[in-house]
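Observations on the model geometry
Chain residues, written in single-letter form:
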Amino acid sequence: MSLPRTREGRGPRDQPPTPSWEEARERWNWHHPEKRRLFEDAFFQAEGYIRRGSEECQKFWSFFERMQRFQSLRATGKQEEEAGRLRHCIPALADLPPTYDPRYRINLSILGPDAQDARGPAGSLPPERVSEFRGALLHYLDFGQKQAFARLARLQRERAALPISQYRDRILQTLKEHQVVVVAGDTGCGKSTQVPQYLLAAGFSHVACTQPRRIACISLAKRVGLESLSQYGSQVGYQIRFESTRSAATKIVFLTVGLLLRHVQREPTLPQYRVLIVDEVHERHLHNDFLLGVLQRLLPRRPDLKVILMSATVNTSLFSAYFGQAPVVQVPGRLFPITVVYQPQEAEPTASTLEKLDPRPFIRVLEAIDSKYPPEERGDLLVFLSGLAEIGAVLEAAQAHARRSGRWVVLPLHSTLSVAAQDKVFDVAPPGVRKCILSTNIAETSVTIDGIRFVVDSGKVKEMSYDPQAKLQRLQEFWISQASAEQRKGRAGRTGPGVCFRLYAESDYDAFAPYPVPEIRRVALDALVLQMKSMSVGDPRTFPFIEPPPAASLETAILYLRDQGALDGSEALTPIGSLLAQLPVDIVIGKMLVLGSVLHLAEPVLTIAAALSVQSPFTRSTRSNPKCAWRALESDHGDPFTLFNVFNNWVQVKSDRSTKSRRWCRREGIEEHRLYEMANLRRQFKELLEDHGLLAGTQAPKPGDSYSRLRQHRERQELYQLKRQHEEGAGRRRKVLRLQEDQDGGSSDEDWGGDTSQGAGDVDIQDVKFKLRHDLEQLQEAASSAQVRTRDQMTLLKLVLARGLYPQFAIPDPFNSSRKDSDQIFHTQAKQGAVLHPTCVFANSPEVLHPQEPEATEGKGSQDNRDPMSSKHQLLAFVSLLETSKPYLVNCVRVPALQSLLLFSRSLDTNGDCSRLVADGWLELQLADGESAVRLLAATLRLRAQWESAMDGQLAQARRRRRAAEEVVALSKELLQFMASKVPASWVPAAPWPEGQEPSPDTALLAQSNADLYSDCLRSFWTCPHCELHVPLTPLERIAHENTCPQAPRDAPPGAEEAAPEPLRKVSDLQRPYHCKACQKDFLFTPTDVLRHQRQHV
Amino acid sequence: MACEAEHSPLGMFECQLCALTAPYSYVGQRPPYTQSIVLLEESYVMKDPFTSDKDRFLILGSRCSLCGRLVCVGPECSLFYCRRFCLPCAQENAAAFPPEVQQDLEKKKSPRKRPSSQHGSRT
Ligand SMILES: [Zn+2]
Ligand SMILES: [Zn+2]
């Protein structure tokens, strides 16, 4: 006994050749890593079923340990039974072994290394141990098979139990007989997951299923893939803005409505699809309504195309009628009875409660649940509130109640939370504790949470409403519709009988509208009209919408698009319009992109455009705090530049060491997933611009040496591996919530990705995806080349933004400089008295907007309504005007007033000597010096024409980019000189024109058509300093002449530092065909030429 | 996509007792997904749908060695003891199995109801 002990831990070669069973058991330590390694070497080869070092391998060893413990218990507990019992003799079963062995129950066997073969890898292992190991391995594999099979069987049982499974044949049969079928069923009947599978199983392919939301595309594709057992095949795929899992083998693809519409745009008959499922049509999203119209027109041309409309059980006759009385398959939902309790709130007259929601009625419900239902009875609470502020108000009070009672975990749920934070609502509360989920209407249809037993319905919803006259978005609170109220109620009865507390009276309910107002009736239709134009569906006014939009909204949209230059006078798409139609962004942002690439500012503009297209990355808690970390990155030029700085810094941190970025974001008070979105969007914009020839294609990555190629390849492989592991692990387990979970519930980034202090163990999947999608080096290069290094670049960049944003401009109130910082007000064309959003850089430093030092204005400015003469007046260009409690200007840039108006306004009226200018009938400027005013106007005209032509050139001949390049260099230079001009001016706010000097149509300097600049009344004799021409001319005619005078040197505008270089001589835009009656000849003349010509005949 | 074609379904497996259906992509004793495992019966096999690992497979079922019915491996439908027995056949011949197996069979007889299990187990 003493001899072997000294040898313990040595390799197996030192083992005595035939140890007794007991002895071996004693000495053989399975826990010893060395021992394990020997077996892993022998059995877990690279191509084996279980690979060494894999997760599977770890799982096996822990199974092995469990099994050993179990067996040693059994071995001591009971004696081997004598198995020689008499059995009936059945010939067919006579060959069954007489003694029982659990291994006989296993239907597979391992082709492992042979222990008898001394030369093989297992040859040196003790045979007893080999057989022990083999046995365990067999049981492990069998266990795995049983588990997987049980999962499969459960999946199928659940599918079969769904209400819709009874309707499978009916749906397929109806689809065979009709082109359009409406499947109406409430949430929970399984239509979204099952109908696609029925089609797959029935042999359909080329199926597209549209969803209103991106997130639903992903989750449905996953679910359907799993249920149809092709999760890791490619039969089921999804396609959303940045991601696609689609391949040639894909039979069914989930995609957003917007994306399908883009397919229609490319191929109007949708030849790539045979079946279209349009899900959630009852939600009446703008795009969905439009898609229905497109389909209604398309169906006669595609008799082979089948369409399934899926809807909740509301208003199904509307859809059926729209498609020629299409048959409706009605699937009853699976709802348990729900008790409705009306708890109208007594009117609380105090004015102070108007500002903030009173949380008390909600807390009363929590208390009522606490007292009425024992904590052992499970059942969570879902509270529907109108918006974020309301969630915040109730959250605070509910958390206080949760701390007191110890029986609640309070969680917010709204769309601005990160996905990870949203996922928390699916976690389970510890025993005796209920979840209280405070949600916007997102939980009405889009997010389904199991286990809800109680619902509190505030009866309110906040929705964007659109005022077409003011072109203003308002976030307004409305009563919900009866349909919504029923949806909300239904959420309480999905897993058992439930209770719905309605915080309004039954009479209120009766007064609710039956259905929500469709989106098409309450939003701006610019993007829709633009898309309609680009799809050539004809006049939007006569398009057969399922329910037509208000005529005023359509007219406003058309006018707006004409204003923005996307449509021409005959409402046809312009070149820039057709480009804008393909950019999946706001028209304003799209214009910035185009303008930016025209002026070779693509890199910074890409970043800014992306930044302005996603939600604010600043966390709620730090948003209005002027002292938080990201404020250091603020730019006093405006908020878009702050975002720009944030993004570039983040890329820098990432390329430094990418895993640090998460911490950096947390420290700065930034939600990182917004930055990921920006990066994705930026890349998409870039590709779009490249596709349209506005941007040179990305250079193919440098080949590099084979070593670095190999390294890159390996890195990518590892990233893919990580991503796959993450996806497989995702959603596998629901966590149990901590009781104090809600402490940081208000801010999403705190929860983002769990606790990062855990260190290396957890994978930052966002970072992995980011690295897979972007070449970090490239992005970093782009970010550093996008740095605005010079003042000139900044000036041009601001011009690009401002031109894109115009007419979204606001003028600072003249009395701002004598007001407190917090009282600064601004006026837009349609809205007086707007204020800056608290996140806005100018909200903290309004003085940069004041034309002069405050002390200088003090004496004079406060007396007079009129600002002092100054060349430093500024305007604010803003991205959006959001009306909540006040009208807020969001994302502002400051721009020089005079030049901006001169360059961007659609029409510019002047008085006789051009000393007064009215831009777009709105802002009036008084210029100090008439002569320089005329010169400035001259430069304005020239630049505008040049800029237009540069744009047209770029757009129309984007492929011949180089040619236009020179033009652009000259343009940039001239624009800069123009911006540097210092012409003192002052505002004439809302002052009437002096008697007899009202701007007449004749003096419209920049009438849209550029048509007639010829006027009799304001002419005075003038001698051209260059060609000696002496004629009576209006100031505008002087400008026109100077622009065309062959002997005129090209001057820079007054005040410019250096003389402008000679620009390319071009045919003037002012030339018009002219037919002279006196000499019966045709000419191409500017108005001045006409005058000169006419003089010959006098 | 190459591996996709490799494992494309051959047909639908359907258990004749519980009607469970699933696409199978191999029938036999040497599943092509891995080198190191053999099956002890002619089995209907699919790639394991719950993992992206290409080596993994899932045995769906096989024919009863007595009556030839195609049955799934679910414990409600069949048992394996050296060979596959559909549960009805196993019940019928329970006496031929060792007591450990008989105990199991006894347990399954009682309350649970299955689509086409044999009648008369309770009176
Ligand atoms: Zn079965
Ligand atoms: Zn049988």
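What counts, and where the lines are drawn
- Residues numbered from 1 in each chain as written.
- Chains lettered and ligands numbered in written order.
- Predicted model: local features only at pLDDT ≥ 70, side-chain atom pairs only at ≥ 80, totals over all residues.
- Heavy atoms only, no water.
- Helix = DSSP H or I, 4+ residues; strand = E, 2+ residues; numbered from the N terminus.
- Buried < 20%, exposed > 50% of the residue type's maximum accessible area, 1.4 Å probe, protein only.
- Areas by Shrake-Rupley, 256 points an atom, 1.4 Å probe, with all protein chains shown as cover.
- Pairing = 2+ DSSP bridges.
- Axes fitted to C-alpha atoms, helices over the stretch in contact; angles between N-to-C directions.
- Donors = N, O, S within 2.8 Å, 3.2 Å for Na, K, Ca; no water.
- Tetrahedral: all angles 85-135°; square planar, octahedral: opposite > 155°, others 65-115°.
- Expected span 1.5 Å × (residues − 1).
- Contact = heavy atoms within 4.5 Å.
- Core = buried A, V, L, I, M, F, W, Y, C linked by side-chain atoms within 4.5 Å.
- Salt bridge = Lys/Arg side-chain N within 4 Å of Asp/Glu carboxyl O.
- Buried area = accessible area lost by both parts, 1.4 Å probe.
- Phe/Tyr/Trp six-rings, centres within 6.5 Å; stacked < 30°, edge-to-face > 60°.
- Lys NZ or Arg CZ within 6 Å of the ring centre and 35° of its normal.
- Parallel < 35°, antiparallel > 145°, perpendicular 65-115°, else oblique.
- Nonpolar A, V, L, I, M, F, W, Y, C, P; charged D, E, K, R; others polar.

**Brief notes about the overall build of chain A**
Scanning chain A from terminus to terminus reveals 39 helices and 29 strands. Taking all 1098 residues of chain A together, the buried fraction comes to 51%. Accessible surface, chain A as shown: approximately 51100 Å² in total, 51% of it carbon and sulfur.

**Details of the sheet that holds strand E3 (residues 26-28) of chain B**
All names here are of chain B. Read from one edge to the other, the open sheet built from four strands follows the order E3-E5-E6-E7, with strand pairing classed as antiparallel. For this open sheet the edge positions go to E3 and strand E7 (70-72), each flanked by a neighbour on one side alone. Along the sheet, successive strands turn relative to each other by an average axial angle of 30 degrees, direction set aside. Judged from the three bridges that link them, E3 and strand E5 (residues 43-47) form a sheet pairing that is antiparallel. Within the sheet, the bridge partner assigned to Gly28 lies in E5 and is Ser43.

**Topic: the coordination of the zinc ion (ligand 1)**
Residues and elements named next belong to chain B. Here the zinc ion (ligand 1) is held by Cys15 (SG), Cys18 (SG), Cys72 (SG) and Cys77 (SG), and the distances to it run 2.2 to 2.4 Å. Relative to the metal, the four donor atoms surrounding the zinc ion (ligand 1) lie at angles of 104 to 116 degrees, and the coordination shape comes out tetrahedral. Here the donor residues of the zinc ion (ligand 1) share one chain and are spaced in sequence as C-x2-C-x53-C-x4-C. In this pair, Cys15 sits in the loop between strand E1 (11-14) and strand E2 (21-24) while Cys77 sits in the loop between E7 and strand E8 (78-81), placing the two residues 62 residues apart along the sequence. In this pair, the class of Cys15 matches that of Cys77, namely buried.

**Quick word on the coordination of the zinc ion (ligand 2)**
All names here are of chain B. Each protein donor to the zinc ion (ligand 2) is listed here as Cys64 (SG), Cys67 (SG), Cys86 (SG) and Cys89 (SG); together their distances run 2.2 to 2.3 Å. The coordination sphere of the zinc ion (ligand 2) comprises four donor atoms, whose angles at the metal cover 99 to 113 degrees; the geometry is tetrahedral. Positions of the donor residues of the zinc ion (ligand 2) along the chain correspond to the pattern C-x2-C-x18-C-x2-C. For Cys64, a relative accessible area of 4% gives the class buried. Exposure remark for Cys67: the relative accessible area of 40% places this residue in the partly exposed category.

**Quick notes on helix H13 (residues 360-372) of chain A**
All names here are of chain A. The end-to-end C-alpha distance of H13, which contains 13 residues, comes to 18 Å, matching closely the 18 Å that a straight helix rising 1.5 Å per residue would cover. Considered for burial, the residues of H13 that qualify are Pro361, Phe362, Ile363, Val365, Leu366, Ile369 and Asp370. On its buried face, H13 sits against strand E10 (380-384), helix H14 (388-405), strand E11 (408-413), strand E12 (434-439), strand E13 (452-457) and strand E16 (498-502).

**Notes on the nonpolar core**
All names here are of chain A. Counting 153 residues, the largest nonpolar core has Phe290, Leu309, Trp650 and Trp947 as its most contacted members. If you tally residues by element for this core, the top one is helix H36 (residues 930-956), at 12 residues. Apart from residues no more than four positions distant in its own chain, Trp947 is found in contact with Leu595, Leu599, Leu799, Arg803, Leu903, Phe904, Leu971 and Leu975. Judged by nonpolar contacts, the second largest core, of 33 residues, contains Phe39, Ala42, Trp61 and Phe64.

**So, the sheet that holds E16(A)**
All names here are of chain A. Pairing is parallel in the open sheet, where six strands are placed in the order E9-E16-E13-E10-E12-E11. Both edges of this open sheet fall to strand E9 (338-342) and E11, since each of them pairs with a single strand only. Strand-to-strand twist of the sheet, defined as the mean angle between neighbouring strand axes without regard to direction, takes the value 20 degrees. Direction of pairing for E13 relative to E16: parallel, over a ladder of four bridges. Bridging across to E16, Phe454 finds its partner in Val499. Packing against the sheet, H14 makes contact with E11 and E12, and its axis sits at approximately 165 degrees to E11.

**Some remarks on the pattern of salt bridges**
Side chains bearing opposite charge may pair, as long as their charged atoms lie close to each other. Following the criterion strictly, the structure yields 37 salt bridges over all chains and no others. Between Arg83(B) and Asp95(A) there is a salt bridge, and its shortest N-O distance comes to 2.7 Å. Of this pair, Arg83(B) sits in strand E9 (residues 83-86) while Asp95(A) sits in the loop between helix H4 (55-77) and strand E1 (108-110), placing the two residues on different chains. Owing to a relative accessible area of 52%, Asp95(A) belongs among the exposed residues under this scheme. With its nearest N and O atoms 2.6 Å apart, the salt bridge here joins Lys146(A) to Asp142(A). Here Lys146(A) pairs with Asp142(A), and both are found in helix H5 (residues 127-161), just four residues apart, close to one helical turn. In the salt-bridge network here, residues are joined through shared partners; they are Asp539(A), Arg541(A), Glu555(A) and Glu571(A).

**Overview of the interface of chain B and chain A**
Counting residues at the interface gives 47 residues for chain B and 46 residues for chain A. Broken down residue by residue, the surface that chain B buries against chain A is led by Phe50(B), Arg56(B) and Tyr81(B), which jointly contribute 17%. Connecting chain B to chain A are three salt bridges. Note that Asp104(B) and Arg105(A) form a salt bridge whose closest N and O atoms lie 2.6 Å from each other.

**A look at the packing of aromatic side chains**
In this description, an aromatic ring pair is defined by two values, namely the gap between the centres and the angle between the planes. Residues and elements named next belong to chain A. Counted by the stated rule, this structure contains 39 aromatic pairs over all chains. Look at Tyr342 and Tyr504: their rings are 6.3 Å apart centre to centre, the planes differ by 65 degrees, and that puts the pair in the edge-to-face class. A residue pair is termed long-range when its members are at least 10 positions apart, and Tyr342 in strand E9 and Tyr504 in the loop between E16 and helix H18 (506-511) qualify at 162 residues. In this structure Tyr504 comes out as buried when scored by relative accessible area, which is 1%. Every member of this aromatic cluster is reached through a ring pair, and the members are Trp30, Phe39, Phe43, Phe44, Phe60, Trp61, Phe63, Phe64, Phe133, Tyr140 and Phe143. The ring of Trp479 carries Lys460 above its face, with NZ or CZ at 4.8 Å from the centroid. A cation over an aromatic ring shows up here: Arg803 above the ring of Trp947, its NZ or CZ 4.6 Å from the ring centre.

**Quick notes on the packing of helix H23 (residues 602-613) of chain A against helix H25 (residues 639-656) of chain A**
Residue and element names in this part refer to chain A. Running from N to C, H23 and H25 cross one another at 105 degrees; their axes reach a closest spacing of 9 Å. Compared by their axis directions, H23 and H25 come out roughly perpendicular. In this structure, H23 contributes Pro604, Thr607, Ile608, Ala611 and Leu612 to the contact, and H25 contributes Pro640, Phe641, Leu643, Phe644, Phe647 and Asn648. Of the residues assigned to the contact of H23 with H25, the class counts are nine nonpolar, two polar and no charged.

**Examining the environment of Lys489(A)**
Along the chain, Lys489(A) falls in helix H17 (residues 482-490). When neighbours within four sequence positions are excluded, Lys489(A) is seen to be in contact with Ile338(A), Val340(A), Val455(A), Cys500(A) and Arg502(A).

**A few points about the environment of Glu463(A)**
Residues and elements named next belong to chain A. Within the secondary structure layout, Glu463 lies in strand E14 (residues 460-467). Here the alpha-carbon distance between Glu463 and Arg522, two residues 59 residues apart in the chain, equals 9.0 Å. When residues no more than four places from it in sequence are discounted, the contact partners of Glu463 are Arg474, Leu475, Gln476, Phe478 and Arg522.

**A few points about the environment of Lys251(A)**
Residues and elements named next belong to chain A. Tracing the sequence through the fold places Lys251 in the loop between strand E4 (236-239) and strand E5 (252-256). Residues Lys251 and His206, 45 residues apart in the sequence, show an inter-C-alpha distance of 5.2 Å. In this structure Lys251 touches Leu200, Phe204, Ser205, His206, Val207, Ser234 and Gln235, once residues within four positions along its chain are discounted.

**Quick word on helix H19 (residues 526-534) of chain A**
Residue and element names in this part refer to chain A. For H19, the buried fraction is high: eight of the nine residues fall into the buried class. Taken together, the buried positions of H19 are Asp526, Leu528, Val529, Leu530, Gln531, Met532, Lys533 and Ser534. Phi turns positive one or two residues past the end of H19, at Ser536, with a value near 45 degrees.

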